[in-house]
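So you can see what is in the structure, the chains are spelled out below.
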Amino acid sequence: MRVLLLGGTAEARALAALLHPRVEVISSLAGRVPDPALPAGAVRVGGFGGVAGLREWLVDNGITAVVDATHPFAAGITANATTACAGLSLPHLVLHRPPWDAGGALQVSSDGEAADVVADKGFSRIFLTTGRSGVAAFRDSPSWFLIRVVTAPDAASLPRDHELVLSRGPYRYDDERALMRRHGIEVVVTKNSGGAMTRAKLQAAQSLGIDVVMIDRPALPAAVRTVGTVDEAAAWVLSRGSGEA
Ligand code: NAP
C-alpha cells in the first residue's frame, strides 16, 4: 500500500513516524512555512492544483489510501481531498484532533466576527494568535496588538499599533503567563485549534482572568470518516494493509 499523508501538523509528523518505514507514506506539505519541521519518510511540497490536480497526482503516484492530518482550519485541502478520494473510490480518513473546551470564551465563527467583538468590547491590548491569514481582519483597529505568527504577514495587513513575535510552538504555561503579564494583555484571540502545542495560552489567560475570543472550526465535509488521535489513524492504516475492512 502507498499512503498520501496530508500534513503540516504535529499529529501528521507523529503519524509518519509511527508508520515509516513499515508502510510507504508520502507526506505532503503546503509549503507555506520556510524551513518546516520535516516528517519521517518521503515528503512532497506545494499545492496539487485543486481537486483535478490532486486527483491526477493520486493516480499518477499509485496512492491506495489518503490520511488527511491537516490543521482543523485547513478547510480547503480537506474539501479537495474528500472530493478527489470519493471520485476515485479511494479509502480516506481525516485525523481531526478534538477541539478545546471553549469554557467561558466568547465564541465567534470568523476572523471578522472576532474583530467585531474586540471592537465592541473596547479591548485595547490584544494578544492575536490566529495566524498569518487572520491578521488582516484587525487591520483598521486603533488598539494595540501583540501578534504571534510563524511567518510575518504582509505589512499592509497589519494594524497600525502592534508588536510582531515570530515563533512556533510548543508554548509553556509559565512563559505564556509571563508574556501576557509583561504586555498587559486584556484579551487573547485564538482559533479553536485543539491539541497540546498551543493550549497553554488558554490556561494562562484563565489564571490571569484575561478574556478569550475563540473562533469556531469550519465544518467538516459530510460523511467523512474521522478519528481523533494519531494512534487511531495508525491503526486504520495498518488494518488496511492487513486486509481488514
Ligand atoms: P487550505 O486553506 O485548506 O488550503 C489551501 C490550498 O493550499 C489547498 O487548496 C492546496 O492547494 C494547498 N494545501 C493545503 N494544505 C496542503 C498540503 N498539506 N499539501 C499540499 N497542498 C496543500 O490550507 P491552509 O489553512 O492555508 O493550511 C496550509 C497548511 O498549513 C496545511 O497543510 C495545514 O495543515 C497547515 N496549517 C494550517 C493552519 C491553519 O490555521 N490553517 C495552522 C497550522 C498548520 P491546491 O488547491 O493547489 O492543492
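Higher on the page you've got the structure.
Definitions and cut-offs
Residues numbered from 1 in each chain as written. Predicted model: local features only at pLDDT ≥ 70, side-chain atom pairs only at ≥ 80, totals over all residues. Heavy atoms only, no water. Pairing = 2+ DSSP bridges. Helix = DSSP H or I, 4+ residues; strand = E, 2+ residues; numbered from the N terminus. Axes fitted to C-alpha atoms, helices over the stretch in contact; angles between N-to-C directions. Contact = heavy atoms within 4.5 Å. Expected span 1.5 Å × (residues − 1). Buried < 20%, exposed > 50% of the residue type's maximum accessible area, 1.4 Å probe, protein only.

A. Spotlight on the sheet that holds strand S8 (residues 144-149). Sheet architecture is open: six strands sit in the order S6-S11-S10-S7-S8-S9, paired in parallel fashion. Pairing within the sheet leaves two strands with one partner each, and these edge strands are strand S6 (106-108) and strand S9 (161-166). On average, adjacent strands in this sheet sit at an angle of 20° to one another, irrespective of strand direction. Pairing of strand S7 (residues 125-128) with S8, which is carried by four bridges, proceeds in the parallel orientation. Within S8, the position partnered with Phe127 by the bridge is Leu146. On the sheet, helix H4 (residues 111-121) packs against S6, S7, strand S10 (187-191) and strand S11 (211-215) and is oriented at approximately 145° with respect to S6. Packed on one face of the sheet, helix H6 (residues 200-208) meets S8, S10 and S11 and runs near 155° to S10.

B. A look at helix H7 (residues 230-241). Between its first and last C-alpha atoms H7 spans 17 Å; for 12 residues at 1.5 Å apiece the expected length is 16 Å, and the two agree. Within H7 the residues assigned to the buried category are Val230, Ala233, Ala234, Trp236, Val237 and Ser239. Those residues of H7 that are buried lie in contact with strand S1 (2-6), helix H1 (10-19), strand S4 (65-68), strand S5 (92-95) and strand S12 (226-227).

C. Quick peek at the sheet that holds S12. In space, the six strands of this open sheet follow the order S3-S2-S1-S4-S5-S12, with parallel pairing throughout. Strands at the two margins of the open sheet, each flanked by one partner only, are strand S3 (42-45) and S12. Across five bridges, the pairing between S1 and strand S2 (residues 24-29) is parallel. When the bridges of S2 are listed, Val3 appears paired with Val25.

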